[in-house]
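Reading the structure
Residues per chain, in single letters:
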Amino acid sequence: MTHDVGAVERRAILNRTKSVTLVGASANPARPSYFVATYLLSSTRYDVHFVNPRLDTLLGKPVYASLKDVPGEPDLVSVFRRHDDLPQVADEVIDAGARTLWLQLGLWHEPVAERARAAGLDVVMNRCVKIEHARFAGGLHLAGFNTGVISSRRQSAP
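Rules used throughout
Residues numbered from 1 in each chain as written. Predicted model: local features only at pLDDT ≥ 70, side-chain atom pairs only at ≥ 80, totals over all residues. Heavy atoms only, no water. Salt bridge = Lys/Arg side-chain N within 4 Å of Asp/Glu carboxyl O. Helix = DSSP H or I, 4+ residues; strand = E, 2+ residues; numbered from the N terminus. Buried < 20%, exposed > 50% of the residue type's maximum accessible area, 1.4 Å probe, protein only.

The tally for this structure, following the rule as stated, stands at 10 salt bridges. Across the salt bridge formed by D122 and R16, the nearest N and O atoms sit 2.5 Å from each other. Of this pair, D122 sits in strand β7 (residues 122-124) while R16 sits in helix α1 (residues 7-16); the two residues are 106 residues apart in sequence, bridging distant segments of the chain. D122 gets classed as partly exposed once you look at its relative accessible area, which sits at 30%. With a relative accessible area of 24%, R16 lands in the partly exposed category. Its salt-bridge partner being R117, residue E114 comes within 3.0 Å of it at the nearest N-O pair. Here R117 and E114 lie together in helix α4 (residues 110-118), a separation of 3 residues that amounts to about one turn. Through salt bridges that share partners, R10, R127, E132 and R135 make up one connected network.

Okay, here's the thing in structure tokens:
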């Protein structure tokens, strides 16, 4: 059974979220996780944590080797990992006591989602936490989208 979380639910999840942990965060500025990390740190109120066993720091913040090393209980865990890694990552997210498992754009795994939901987590798949936050915060232009307003008013000359 596929279950896609609607916009109202995604907004509610983001509004109640206090911390976001990026699993698979990268120091490569060309990687989506780096772009998301910079946005979350500069444009949100979230307490942001990073997990990657090959990094020590990212954007001036410590990077943890695993989710269990992140201080406190994680709230929303956003996953940037290969599809085949998702079952193991989901187990770690469940074990850590997170409230939300968020699989980034391009990631969809029904068995993982069902297991996480059965453990009481909210699950969002194939969505970018940055784009969704910007959509609801009114800042999609920061996410690289043209948000030109369609209006009946005549545009002034550039």
